[in-house]
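# Notes for the structure review
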Amino acid sequence: MRFMVIVKASKDTEAGVMPSTDMLTAMGKFNEELVKAGMMEAGEGLHPSSKGARVKYQGGEGSAVRGPFPLTSDLVAGFWLINAKSLDEAIAWMKRAPFDGGAEIEIRQVFAAEDFGEAFTPELREQEDRLRAQAGKK
């Protein structure tokens, strides 16, 4: 199963405070453990919301608002994309992440093709496979 691990933003991440060398070293070690265990597909930090935008859709039209956005629990500072046998395994691994000071993460399972049932027709599956191959994700 694939899981997205969402690292919640904090006052520091929204202020653009970069991690210390010690934190980068600890995170590099943790990421290396995930890679050696065959779990990590991706992991990245994100710039503060002041460098981003939100697009809202209504009536088939999109409108954009540029950040910064108020610090709420929906702001994201980074993520991992991991493979785990279960949510419990993902939790066990993420409990080892080198965070402190009230940091918070969220773990969400990524949909797989079979989750969509009959709505995901063979034609749609073929299109998805082709697009993933073209994007270099396979």
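To keep things clear, this report deals only with the structure shown in the data block. (Residues numbered from 1 in each chain as written. Predicted model: local features only at pLDDT ≥ 70, side-chain atom pairs only at ≥ 80, totals over all residues. Heavy atoms only, no water.)

### A short note on the pattern of salt bridges
Rules: Put simply, a salt bridge is a Lys or Arg side-chain nitrogen that is within 4 Å of an Asp or Glu carboxyl oxygen. By the criteria applied, helices consist of DSSP H or I runs no shorter than four residues and strands consist of E runs no shorter than two, each listed in order from the N terminus. For each residue, the accessible area found with a 1.4 Å probe, counting protein chains only, is set against the maximum for its type, and the residue is called buried under 20%, exposed over 50%, and partly exposed in between.
By the definition in use, this model includes seven salt bridges. The shortest N-O distance in the salt bridge between E33 and R96 comes to 2.5 Å. With a gap of 63 residues between them, E33 in helix α2 (residues 21–36) and R96 in the loop between α3 (87–94) and β6 (105–109) connect regions that are remote in the sequence. Across the pair E106 and R108 runs a salt bridge, and its minimum N-O distance is 3.1 Å. Classification of R108 by relative accessible area gives partly exposed; the value is 48%. Here the residues in one salt-bridge network are K8, E106 and R108, joined through shared partners.

### Some words on the nonpolar core
Counted only if it meets this: Throughout, nonpolar core names a set of buried Ala, Val, Leu, Ile, Met, Phe, Trp, Tyr and Cys residues whose side chains join them through atoms within 4.5 Å. We call two residues in contact whenever any of their non-hydrogen atoms come within 4.5 Å of each other.
The biggest cluster of nonpolar side chains holds 14 residues, and the ones touching the most others in it are F30, L34, M39, W80, I82 and M94. For this core, the secondary structure elements donating two or more residues are β1 (2–8), α2, β5 (76–83) and α3. Ignoring any residue separated from it by four or fewer positions in sequence, one finds M39 in contact with L34, L81, I82, N83, A84, E89 and W93.

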